[in-house]
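A structural walkthrough
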Amino acid sequence: MSTAAPPDSPTLSHSDPLADLATAISERTATIAVVGLGYVGLPLALAVAQAGFDVIGIDAVPDKVAALRAGRSYISDLSDADLAPLSTGRFTTDPAAAGDADVVIIAVPTPLRDGAPDLSLVEQAGATIGRVLRRGALVILESTTYPGTTDELLVPLLERGGLRAARDFAVAFSPERVDPGSRHTLRATPKVVGGLTPSCTGLAAAFYATVVDEVVTTRGPREAEMAK
Ligand SMILES: NC(=O)c1ccc[n+]([C@@H]2O[C@H](COP(=O)([O-])OP(=O)(O)OC[C@H]3O[C@@H](n4cnc5c(N)ncnc54)[C@H](O)[C@@H]3O)[C@@H](O)[C@H]2O)c1
């Protein structure tokens, strides 16, 4: 009598990096990088720190990084005292620090030029992140843009480092819809999230559920881009 060898089960012998990220999000052990610490990025970084995550804040302006290291706010909606949860955050002008994060959120400016958003800073951020991105990470674009930006512009830049989107890392778009200065807080404003695949959407939705009360998912990034 012979005993059949157990079938190969590569999925069991190697852990799935995206499944590991889901665990790190639910256990708050994931490190979150926010690229662009302005009216959108700084309140988000604060909410993420309040939710219990380690935060890496990346901004191109050295004075802003110096202010945050000193616990000083430069945003009218936030006082210095409000920033207390960010006192353990790491702030830097070095975009390569995104390589130390499990979730990377891009919130750089996309100013309108001749009626269309100028995406050069998104391109710059995407190219740098692509060079340093970890396997198993999630990248979320929050900058305002037009439909197609996430899959046509951002994904190819992120893949330049050799990793494949939706297999090695997750990607999603989530528009910022908070009106700064209004009474509608980040937590109370439903967050629209559309990932490249259902698994990307699920990871991004799980992440935002740690900072907002309601997450609304869309079929993909284009629908989320159109929601803005
Ligand atoms: N502020 C709003 O009311 C609002 C609302 C919805 C959507 N948005 C969108 O969110 C995005 C960000 O807007 P914002 O209001 O936070 O802009 P902002 O100018 O207040 O902040 C952007 C930050 O990004 C930094 N930055 C610029 N280039 C960078 C780079 N290459 N790497 C790292 N940091 C960089 C800037 O120094 C600045 O601190 C834009 O696409 C905007 O259209 C803004």
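Scroll up to find the structure this text is about.
Residues numbered from 1 in each chain as written. Predicted model: local features only at pLDDT ≥ 70, side-chain atom pairs only at ≥ 80, totals over all residues. Heavy atoms only, no water.

So, about the site of the ligand. The immediate surroundings of the ligand are formed by 22 residues, with Val-40, Asp-59, Lys-64, Thr-110 and Thr-144 found nearest. Within the backbone of Tyr-39, one N or O atom sits 3.1 Å away from an oxygen atom of the ligand. Here an oxygen atom of the ligand and a side-chain polar atom of Asp-59 are 2.6 Å apart. Split by residue class, the shell around the ligand holds 12 nonpolar, 6 polar and 4 charged. (Near = heavy atom within 4 Å. Polar contact = N/O pair within 3.5 Å; in protein donor to acceptor, adjacent residues only side chain to side chain. Nonpolar A, V, L, I, M, F, W, Y, C, P; charged D, E, K, R; others polar.)

A few words now on the packing of helix H5 (residues 120-132) against helix H6 (residues 149-158). Viewed as axis vectors pointing N to C, H5 and H6 meet at an angle of 30°, and their least axial separation amounts to 7 Å. Taken together, the axis directions place H5 and H6 in an arrangement best described as roughly parallel. Between H5, through Val-122, Glu-123, Gly-126, Ala-127, Ile-129 and Gly-130, and H6, the contact on the second element is made entirely by Leu-153, Leu-154, Leu-157 and Leu-158. Split by residue class, the contact of H5 with H6 holds 7 nonpolar, 2 polar and 1 charged. (Axes fitted to C-alpha atoms, helices over the stretch in contact; angles between N-to-C directions. Helix = DSSP H or I, 4+ residues; strand = E, 2+ residues; numbered from the N terminus. Parallel < 35°, antiparallel > 145°, perpendicular 65-115°, else oblique. Contact = heavy atoms within 4.5 Å.)

Glancing now at the pairing of strand E8 (residues 170-173). Side chains of E8 alternate between two faces, with Ala-170 and Ala-172 and Val-171 and Phe-173 buried alike. By the bridge criterion, 4 bridges tie strand E7 (residues 138-141) to E8 in an arrangement that is parallel. Counted as the bridge partner of Val-139 is Val-171 from E8. With respect to chirality, the unit in which E7 leads through H6 into the neighbouring parallel E8 is right-handed. (Buried < 20%, exposed > 50% of the residue type's maximum accessible area, 1.4 Å probe, protein only. Pairing = 2+ DSSP bridges. Right-handed = clockwise from strand over helix to strand, strands pointing away.)

Let's shift gears to the side chain of Thr-150. Along the polypeptide, Thr-150 turns up in helix H6. The class of Thr-150 is buried, set by a relative accessible area of 0%. Among the polar contacts listed, one links the side chain of Thr-150 to the side chain of Glu-225, at a separation of 2.6 Å. Setting aside its immediate chain neighbours within four residues, Thr-150 contacts Leu-141, Val-155, Val-171, Ala-172, Phe-173, Pro-221 and Glu-225.

This paragraph deals with the packing of helix H2 (residues 17-26) against helix H7 (residues 198-208). Where H2 meets H7, the closest approach of the two axes is 9 Å, and the angle between their N-to-C directions is 15°. In terms of axis orientation, H2 runs roughly parallel to H7. Considering only the axes of H2 and H7, their crossing is left-handed. Counted together, Leu-18, Leu-21, Ala-22 and Ile-25 of H2 and Ser-199, Leu-203, Ala-206 and Phe-207 of H7 form the full contact between these two elements. (Left-handed = near helix turned anticlockwise from the far one by under 90°.)

Strand order in the open sheet made by the 8 strands is E3-E2-E1-E4-E7-E8-E9-E10, with mixed pairing throughout. Looking at the sheet topology across the chains shown, the edges are occupied by strand E3 (90-92) and strand E10 (215-217). Averaged over neighbouring strand pairs, the angle between their axes works out to 25° when direction is ignored. Two elements, E8 and strand E9 (residues 191-195), share 2 bridges in a ladder whose sense is antiparallel. Along E9, the bridge assignment pairs Phe-173 with Gly-194. Set on the sheet, H7 makes contact with strand E1 (31-35), strand E4 (103-106), E7, E8, E9 and E10; between it and E9 the angle comes to about 155°.

The tally for this structure, following the rule as stated, stands at 10 salt bridges. A salt bridge links Arg-135 to Asp-168; the nearest nitrogen and oxygen atoms lie 2.8 Å apart. Of this pair, Arg-135 sits in the loop between H5 and E7 while Asp-168 sits in the loop between H6 and E8; the two residues are 33 residues apart in sequence, bridging distant segments of the chain. Classification of Arg-135 by relative accessible area gives exposed; the value is 53%. Linking Arg-219 and Glu-223 is a salt bridge whose minimum nitrogen-to-oxygen distance equals 4.0 Å. Here the residues in one salt-bridge network are Arg-135, Arg-167 and Asp-168, joined through shared partners. (Salt bridge = Lys/Arg side-chain N within 4 Å of Asp/Glu carboxyl O.)

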